[in-house]
Amino acid sequence: MADAALRLTTLAEELLGASLPVRIRAWDGSESGPPGAPVLVVRHRRALRRLLWRPGELGLARAWVAGEIDVDGDLYELLDLLAGIVWERGEQGKKTVHPVRDPRLRAAVRGLLRIGGVLPPPPPPAEEVRRRAGPLHTKRRDKKAISHHYDVGNDFYALVLGSSMVYSCAYWEDGGSLEDAQRDKLDLICRKLALKEGDRLLDVGCGWGSMAIHAAREYGAQVTGVTLSREQAAYARKRIAEEGLTDRIEIRVQDYRDVRDGPYDAVSSIGMAEHVGIVHYHEYADQLFFLLRPGGRLLNHQIARRPERDEAAYHVDEFIDRYVFPDGELAPLGRTITTLEEAGFEVRDVESIREHYALTLRRWVENLEADRRRATRLSTPGRARVWRLYMAASAVSFERNRIGVNQILAVKTPESGASGLPLRARTWN
């Protein structure tokens, strides 16, 4: 009798200590779970062997990327239904006994052995970053990490991001398009930085050149953009030439730590600080402070995580680390602000735009799903699956306030104390 789905449901509920809110469909055609719920499809028992050899998130991620598990129905609904249980159990798990002594975990292992069989572990999918040696966030290691994420083909990114080619949170108005929202975000940053004709702007982690082009074309700024991705730099230079802005914009393949041609009037760092690494936050803040003229402004646009009561307990998400942003780390908002202040900055404004990122990610997922076959051809089947899961799961995390995104405006205020900001700064004039 085909009963793999029922056995998997029972096993999952015993392990979670709660009813499973989704259906399971197994490789033998059996189904179990609440009718009408989104369906977690386990296509092959090999997925269970991955969980045996690497329990938890990484085992599930490998099975997803390999196509051994999938979702039939609304991916967001399934992730949202599971999120509350998984996150609540994660909090409880910090207080539980060692897994070897946990009878539920021992029983789960025995159950997986009976259903999945005892065979050697399947090799990880090709899209996984293998174990890395050496200290975190050396210039060489950072360059490899950036290449893994960004040098996967500009056509693939164009499909996902749309014509704006902006890979960060947009700034939405009701009824607006993705392109409108990304343009509004770039314009908001330019206004916060008070850019004007001839100002020198350093765009750290310049991506495909969208911020540089907007600042030069709309505000007359002289822009230097730096990136570690050669594919991004080539694409940005081509766009800049087509816009006729080569006399106003220079794009460099350069580590921000190697920039020495300050002072700049303004610095924009949009979605870049997540790659810096917590151990280098002070170096990051010190370098940007050094590169600004007195009175110059920094706009730091950065994803933040919720703080831990014990910060030593923080660990990088395994799926994100192995498949999306190698070595990427998130810091709480308060830590980032403190680090900027310790470098000498005066923090003048913090704007949380958390809900805006959820909307942006959902639009990127729409773009991917609208042309999934082409996305697969432009990358790999596994890479397209990585992006679908990571963007959808991230959208749910923003919606549930597990992570946020903030624009921090800071000033290198001179000794006179004149910040140069208007009394009513939110007008951004």
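Counting from 1, residues in each chain are numbered in the order their sequence is written. Local features are withheld for residues below a pLDDT of 70 in this predicted model, meaning they are given only at 70 or higher, and side-chain atom pairs are given and counted only at 80 or more; totals for whole chains, interfaces and linings count all residues. Note that the side-chain values use all heavy atoms of the structure and ignore hydrogens as well as water.

**Observations regarding the pairing of strand β6 (residues 222-227)**
By the criterion of burial, β6 is predominantly enclosed, with five of the six residues buried. Across five bridges, the pairing between strand β5 (residues 200-204) and β6 is parallel. What sits directly across from arginine 200, in β6, is glutamine 222. Looking down the strands as they point away from you, a crossover is right-handed if its path from the first strand over the helix to the second goes clockwise. Under the scheme used here, helices are H or I runs from DSSP no shorter than 4 residues and strands are E runs no shorter than 2 residues, and both carry numbers assigned from the N terminus. Read as a crossover between parallel neighbours, the route from β5 over helix α9 (residues 210-219) to β6 is right-handed. Here β6 runs beside strand β7 (residues 249-253); their pairing, made up of five bridges, is parallel. Relative accessible area decides the class of each residue, using a 1.4 Å probe on protein chains only: under 20% of the type maximum gives buried, over 50% gives exposed, and in between gives partly exposed. Each pair of strands is called paired provided DSSP finds at least two bridges between the two strands.

**Things to note about empty space enclosed by the protein**
The method works on a 1 Å grid over the protein atoms by themselves. A cavity is a set of points holding a 1.4 Å probe that cannot get out, a pocket is an open set with protein on both sides within 12 Å along at least five of seven lines, and residues with an atom within 4 Å of a point line them. Grid points are joined across faces, edges and corners, and a volume is the space filled by probe spheres set on the points. Applying the stated criterion across every chain, the model contains one cavity of 30 Å³ or more. Reported here for the largest cavity is a volume of approximately 60 Å³. Along the walls of the largest cavity sit Tyr281, Tyr284, Ala285, Asn300, Gln302, Thr336, Thr339 and Leu340, which together make up its complete lining. Each residue receives one of three labels: charged for Asp, Glu, Lys and Arg, nonpolar for Ala, Val, Leu, Ile, Met, Phe, Trp, Tyr, Cys and Pro, and polar for the others, Gly being one of them. Residue composition of the lining of the largest cavity, by class: four nonpolar, four polar and no charged.

**Some thoughts on the sheet that holds β5**
Spatial ordering of the open sheet is given by β7-β6-β5-β8-β9-β11-β10, a layout of seven strands whose pairing is mixed. Of all strands in the sheet, those with a lone pairing partner are β7 and β10 (346-352), marking the two edges. Each adjacent strand pair in this sheet contributes to an overall mean axis angle of 15°, direction not counted. Note that strand β8 (residues 264-270) and strand β9 (residues 292-305) share six bridges and pair parallel. Within β9, the position partnered with tyrosine 264 by the bridge is leucine 292. Only heavy atoms enter the contact rule, under which two residues are in contact if any of them lie within 4.5 Å. Only the contacting stretch of a helix is used when fitting its axis, a line to C-alpha atoms as for every element, and angles between N-to-C directions run 0 to 180 degrees. Packed onto the sheet, α9 meets β5, β6, β7 and β8 and runs at close to 165° relative to β5.

**A few points about the pattern of salt bridges**
What counts as a salt bridge is simple: a side-chain nitrogen of Lys or Arg found within 4 Å of a carboxyl oxygen of Asp or Glu. A full pass over the atoms with the stated rule returns 36 salt bridges. Linking arginine 385 and aspartate 70 is a salt bridge whose minimum nitrogen-to-oxygen distance equals 3.4 Å. Placement of the pair is arginine 385 in helix α16 (residues 381-399) and aspartate 70 in strand β4 (residues 69-72), with a sequence separation of 315 residues. A salt bridge links glutamate 369 to arginine 372; the nearest nitrogen and oxygen atoms lie 3.8 Å apart. The exposure class of arginine 372 is partly exposed, given its relative accessible area of 37%.

Scope: geometric values only; no functional claims are made or implied.
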